Amino acid sequence: MRCNICDSDRFSPLAQVSYHGHVSPRLEFRKPGRFQNRPTFAAAFARACLDCGAIVYFVSQPELLRLAEVPDELGVTNYSRRYFDEETDAWIEEE
Ligand SMILES: [Zn+2]
């Protein structure tokens, strides 16, 4: 994993995102249709770059699977079939 800001490869361990009552960061896509809800996904985990402090957010695996179901017209279907497993601290490739 490389930092998009400073190109460092030194990151903190994965940490749970917590805002203690404040709104957590979310990905909000536009509504797929007039009477449909806006697809929204919560950022559950994050890592911090140990050199510049940039924070990289991750959605949970269930949220990632739900994200794959977002309609094609929203332009988010070119997703990767891999996810970060917080228990093993490793990327998992899905078939
Ligand atoms: Zn950085």
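So, here is what we can say about the structure in this document. Every value quoted in this text rests on a predicted model; they were computed, and no experiment measured them.

Rules behind the numbers
- Residues numbered from 1 in each chain as written.
- Predicted model: local features only at pLDDT ≥ 70, side-chain atom pairs only at ≥ 80, totals over all residues.
- Heavy atoms only, no water.
- Helix = DSSP H or I, 4+ residues; strand = E, 2+ residues; numbered from the N terminus.
- Buried < 20%, exposed > 50% of the residue type's maximum accessible area, 1.4 Å probe, protein only.
- Contact = heavy atoms within 4.5 Å.
- Areas by Shrake-Rupley, 256 points an atom, 1.4 Å probe, with all protein chains shown as cover.
- Salt bridge = Lys/Arg side-chain N within 4 Å of Asp/Glu carboxyl O.

1. Some words on the overall build of the chain
- From N to C terminus, the chain includes one helix and six strands.
- Reading the chain from its N end, one meets helices and strands in the order β-β-β-β-α-β-β.
- For the chain, with 95 residues in total, the buried portion stands at 28%.
- The long-range fraction of contacts in the chain, counting pairs at least 24 apart against all pairs at least 6 apart in sequence, stands at 47%.
- Within the structure as shown, the chain displays about 7,000 Å² of accessible surface, and the carbon and sulfur contribution to it stands at 47%.

2. Overview of the pattern of salt bridges
- Tallying each qualifying case throughout the model produces two salt bridges.
- Between Glu63 and Arg66 there is a salt bridge, and its shortest N-O distance comes to 2.9 Å. Remark: Arg66 and Glu63 occur in helix α1 (residues 61-67); sequence separation between them is three residues, near one turn of the helix.

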